[in-house]
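# Overview (structure and organization)
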Amino acid sequence: TTSSRTSAYQTLRLTNEDYNEAQSFYSQRAYEKEIEKYGAALNNVNSLGEEVYIKLRIAAATNFAGNHLKAVELFKNIATNPRYASDSQDIKKGIAQAVVALVNMFYKTNDKAIAKKIFSGKPYEDFIMEEDAGDINIALRRLAEYASSLSSPPYLMAEALVAKWYAMEIYDLKTKKVISVEEQKQIQKYEAIVKAKLTYIDKNFSDPQYYYEDLMYHNLPILLRVKGTV
């Protein structure tokens with residue numbers, strides 16, 4: 001239900017003064033102070049859900065402050081921390097949110113140092129394969145697919161990023177002067193994947209349970225923009 005899905009966020013707002021102060025610093029774009037207050041808020045959490053939520057906010061604030069490599073490290077620490085190996089779908093969505101953030105960080109910066117940091121250690125290094133011939137975009141698709149696999153139902157933003165990757169591949173193939181029979185089959189395969197992802201997004205984008213905590217209204221414009229690109 002909505003109440004259980006948003007309980008960590010609601011509890012923090014109602015009971016954690018440091019969390020609320022951190023939020024005020026976020027609105028002022030005072031990211032260092034925001035990070036400091038979130039750190040204090042961690043001392044008064046009552047559940048793993050609250051802990052994951054605050055750590056995601058710390059990682060995001062670190063990214064906004066311009067310390068991208070540190071932000072990658074923080075997001076990865078959330079995603080691979082055995083402490084968060086939980087059956088809770090809310091926590092799983094939080095982990096998916098962290099992995100999606102990694103994908104988006106590279107797309108926004110196109111920084112090879114960020115890619116190197118993302119795809120180091122398990123399971124991330126396994127997403128780069130010899131057959132990719134150094135194409136980092138394929139590894140990013142695998143990373144988005146990994147994010148999608150982390151929660152049930154699959155995380156909408158992850159599904160949208162996977163659809164975007166296949167749509168861009170279709171576009172590149174269709175704009176070639178000559179398309180081989182094998183490439184035509186590839187286009188058909190990719191189109192089926194894109195249509196399935198779009199159907200899933202269209203069916204569920206207005207349902208809060210398909211988002212993490214209170215982030216529906218933050219993510220929805222981004223989700224629809226990616227969908228429009230697809």
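Up top you'll find the structure we're talking about.
Here's what I pulled together on the structure shown here. (Residues numbered from 1 in each chain as written. Predicted model: local features only at pLDDT ≥ 70, side-chain atom pairs only at ≥ 80, totals over all residues. Heavy atoms only, no water.)

### What to know about the overall build of the chain
In terms of regular secondary structure, the chain is built from twelve helices and zero strands. Starting at the N terminus and walking to the C terminus, you meet the elements of the chain as α-α-α-α-α-α-α-α-α-α-α-α. Expressed as lengths along the three principal axes of its C-alpha atoms, the size of the chain is roughly 60 × 40 × 35 Å. Per-residue burial over the chain gives 43% buried out of 230 residues. A separation threshold of at least 6 residues defines the contact pool for the chain, and within that pool the share at least 24 residues apart is 60%. (Helix = DSSP H or I, 4+ residues; strand = E, 2+ residues; numbered from the N terminus. Buried < 20%, exposed > 50% of the residue type's maximum accessible area, 1.4 Å probe, protein only. Contact = heavy atoms within 4.5 Å.)

### Focus: the pattern of salt bridges
Counted under the stated rule, the structure contains 14 salt bridges. Across the salt bridge formed by Glu21 and Lys37, the nearest N and O atoms sit 3.4 Å from each other. Of the two residues, Glu21 sits in helix H3 (residues 17–27) while Lys37 sits in helix H4 (residues 31–41), which places them 16 residues apart along the sequence. Across the pair Lys174 and Glu191 runs a salt bridge whose closest N-O atoms are separated by 2.8 Å. Residue Lys174 is found in helix H10 (residues 156–174), and its partner Glu191 is found in helix H11 (residues 181–204); the two are separated by 17 residues along the sequence. What you see here is one network of salt bridges that share partners, running through Asp18, Glu21 and Lys37. (Salt bridge = Lys/Arg side-chain N within 4 Å of Asp/Glu carboxyl O.)

### Overview of unusual backbone geometry
Cis geometry marks the peptide bond from Lys122 to Pro123; its omega dihedral reads -5°. Mapped onto the elements of the fold, Pro123 is located in the loop between helix H8 (112–118) and helix H9 (136–149). Cis geometry marks the peptide bond from Ser152 to Pro153; its omega dihedral reads 5°. A positive phi angle, close to 60°, is found at Arg29, a residue other than glycine. You can call Arg29 exposed: its relative accessible area is 66%. The phi angle at Asn110 is positive, at roughly 55°, despite the residue not being glycine.

### Re helix H5 (residues 48–64)
Compared with the 24 Å implied by 1.5 Å per residue over 17 residues, the 24 Å span of H5 between its first and last C-alpha is a close match. Extensive coverage of H5 is indicated by the burial of 13 of its 17 residues. (Expected span 1.5 Å × (residues − 1).)

### Examining the packing of aromatic side chains
The description of an aromatic ring pair uses the distance of the two centres, along with the angle that the planes make with each other. Using the criterion set out here, one finds twelve aromatic pairs in the structure. Between Tyr19 and Tyr53, the ring centres sit 6.2 Å apart and the planes meet at 50°, which makes this aromatic pair tilted. Separated by 34 residues along the polypeptide, Tyr19 in helix H3 and Tyr53 in helix H5 bring together distant segments of the chain. In this structure, Tyr19 and Tyr53 share a single accessibility class: buried. Both rings, one in Tyr124 and one in Phe127, keep their centres 6.5 Å apart while their planes meet at 80°; by these two values the pair is edge-to-face. Across the pair, exposure class does not vary: Tyr124 and Phe127 are buried alike. Taken together, the ring pairs connect Tyr9, Tyr19, Tyr38, Tyr53 and Tyr212 into an aromatic cluster. Above the ring of Tyr26, the side-chain terminus of Arg57 is found at 5.6 Å from the ring centroid. Sitting over the face of the ring of Trp165, Arg141 holds its NZ or CZ atom 4.7 Å from the ring centroid. (Phe/Tyr/Trp six-rings, centres within 6.5 Å; stacked < 30°, edge-to-face > 60°. Lys NZ or Arg CZ within 6 Å of the ring centre and 35° of its normal.)

### Overview of the environment of Leu161
Here Leu161 is to be found in helix H10. What makes Leu161 buried here is its relative accessible area of 4%. Sequence separation of Leu161 and Phe127 is 34 residues, and the distance between their C-alpha atoms is 16 Å.

### Some thoughts on H9
Compared with the 20 Å implied by 1.5 Å per residue over 14 residues, the 20 Å span of H9 between its first and last C-alpha is a close match. Taken together, the buried positions of H9 are occupied by Ile138, Ala139, Leu140, Arg141, Arg142, Leu143, Ala144, Ala147 and Ser148. On its buried face, H9 sits against helix H7 (89–109), H8 and H10. Taking the backbone nitrogen of Asn137 as reference, a side-chain oxygen 2.9 Å away marks Asp135 as the first, capping residue of H9. (Polar contact = N/O pair within 3.5 Å; in protein donor to acceptor, adjacent residues only side chain to side chain.)

So yeah, pure geometry; function would need other evidence.
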